[in-house]
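# Structural features, examined
Chain by chain, the residues:
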Amino acid sequence: MATSGLAIAAVAVCSGLSCTSQTVKTISLPPLPFPENGLEPLISAKTIAFHYHKHHKGYFENLNKLINGTEFYGMPLEKVILKTYGNDDKFQIFNNASQMWNHTFYWQSLSYNKMTEPSTQLKQKINKSFDSLEGFKKQLFDISTTLFGSGWVWLVSYRNKLEIVKTANADSPMIQGMKPLMTIDLWEHAYYLDYQNRRSDYIHTVIEKLINWEFASKNDENESYGH
Ligand code: MN
């Protein structure tokens, strides 16, 4: 599953005075997996349009500006994230790269009117870790609503167990070696036009009606980070 799209670009690679043209894979902005009005009336087309075209695309464009001509150009997005994390000089690259990845993963974590449900394997793991699907939803809600400021909440697989973790700002559970299965964007821009300050209503709606269980189940089965 393509989480971070890659495109092919020709770049000049120079050694001394001689330059040759080589092709490298560059990071591309994947399209939304649903139409802009595909989550209405729960999340409006206006929210999705702003969120995708201004925020997500903004991170993508900033990232490309920041890595152009650096060692990170042509590197897979996940590698850029892992290599820049915790490095003060690379803070801006990390933030934009990780936000780029997180948003692509978030879009895929959502679906509406598809009536997806966890695979048998994922359901068993959920029952083991949270007693029941309802128990999982309650814990996801409680953890999401107690995040202070901007960030993300994730269902992850870690050492063969499922966990719910929250990350601040642009942070990613991949840093801790965790495999994300789904996420919810808890930044204000994800819900403010529709829910204003009622973040818990947005969280409740996503948990009850918008989780793409097909995506989470596929990620559970994959060895890598779900792409
Ligand atoms: Mn966002």
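Look up: the structure comes first, before these words.
The residue count restarts for each chain, going from 1 along the sequence in the order it is written. The model is predicted, so local features are restricted to residues of pLDDT at least 70 and side-chain atom pairs to those at 80 or more, both for listing and for counting; the totals for chains, interfaces and linings are taken over all residues. Heavy atoms from the whole structure form the basis of all side-chain values; hydrogens and water molecules are not counted.

## Observations concerning unusual backbone geometry
Looking along the chain, the bond that leaves E40 and enters P41 is cis, with omega of 5 degrees. One non-glycine residue with positive phi stands out, namely N160, at about 65 degrees. Numbering goes from the N terminus for both helices and strands, where a helix is a DSSP run of H or I of at least four residues and a strand is a run of E of at least two. Within the secondary structure layout, N160 lies in the loop between β3 (151-158) and β4 (161-168). Think of it in three bands: residues with accessible area under 20% of the maximum for their type are buried, residues over 50% are exposed, and the middle band is partly exposed, with areas taken using a 1.4 Å probe on protein chains only. N160 sits in the exposed class, given a relative accessible area of 71%. Unusually for a residue other than glycine, N169 sits at a positive phi of about 50 degrees. Along the chain, N169 turns up in the loop between β4 and β5 (179-185). Here N169 falls in the partly exposed class, since its relative accessible area comes to 45%.

## Section: the pairing of β5
The element β5 is largely enclosed, with a buried count of seven among its seven residues. In this analysis, strands are considered paired if DSSP registers two or more bridges between them. Pairing analysis gives six bridges linking β3 to β5, with the strands arranged antiparallel. Paired with L155 across the strands is M182, a residue of β5.

## With respect to the coordination of the manganese ion
With water excluded from the atoms, a metal site may look incomplete; its donors are any N, O or S atoms within 2.8 Å, or within 3.2 Å for Na, K and Ca. Those protein atoms acting as donors to the manganese ion are H51 (NE2), H103 (NE2), D185 (OD) and H189 (NE2), and they sit at 2.0 to 2.1 Å. One chain supplies every donor to the manganese ion, and in sequence these donors are spaced H-x51-H-x81-D-x3-H. Linking H103 in helix α3 (residues 91-109) with D185 in strand β5, this pair joins segments that are 82 residues apart in sequence. Here H103 and D185 have matching classes, each one buried.

## Here we look at the layout of surface pockets
Residues are said to line a cavity or pocket when one of their atoms sits within 4 Å of a point; the points come from a 1 Å grid over protein atoms alone, cavities being sets where a 1.4 Å probe fits but cannot get out and pockets being open sets with protein on both sides within 12 Å along at least five of seven lines. Grid points are joined across faces, edges and corners, and a volume is the space filled by probe spheres set on the points. One number sums up the size of the largest pocket: a volume of about 290 Å³. Lining the largest pocket are 16 residues, with M115, T116, E208, K209 and I211 sitting closest to its centre. Elements with a contribution of two residues or more to the lining of the largest pocket: α5 (133-145) and α7 (199-210). For the lining of the largest pocket, the element with the highest residue contribution is α7, accounting for four residues. The nonpolar class holds Ala, Val, Leu, Ile, Met, Phe, Trp, Tyr, Cys and Pro. Asp, Glu, Lys and Arg form the charged class, and all remaining residues, Gly among them, are polar. Partitioned by chemical class, the residues of the lining of the largest pocket number eight nonpolar, three polar and five charged. Lining the second largest pocket are 14 residues; nearest its centre among them are P33, L110, S111, K114 and N212. Per-element tally for the lining of the second largest pocket: the top contributor is helix α8 (residues 213-221), with three residues. Looking at side-chain class alone, the lining of the second largest pocket contains seven nonpolar, four polar and three charged residues.

## Concerning the side chain of T47
Inspection of the secondary structure assignment puts T47 in helix α1 (residues 45-67). Owing to a relative accessible area of 2%, T47 belongs among the buried residues under this scheme.

## Some words on the packing of aromatic side chains
Pairing of aromatic side chains here covers Phe, Tyr and the six-membered ring of Trp, requires ring centres within 6.5 Å, and sorts the geometry by plane angle: under 30 degrees stacked, over 60 edge-to-face, intermediate tilted. Enumeration over the complete set of coordinates arrives at 14 aromatic pairs. Seen from their ring centres, Y106 and W152 are 6.1 Å apart, and the 75 degrees between their planes marks the pair as edge-to-face. Of the two residues, Y106 sits in helix α3 while W152 sits in strand β3, which places them 46 residues apart along the sequence. With relative accessibility at 1%, the residue Y106 sits in the buried group. You can call W152 buried: its relative accessible area is 0%. An aromatic cluster of three or more residues is present, and its members are F34, Y52, W101, F105, Y106, W107, W152, W154 and F215.

Geometric values such as these leave the question of function open.
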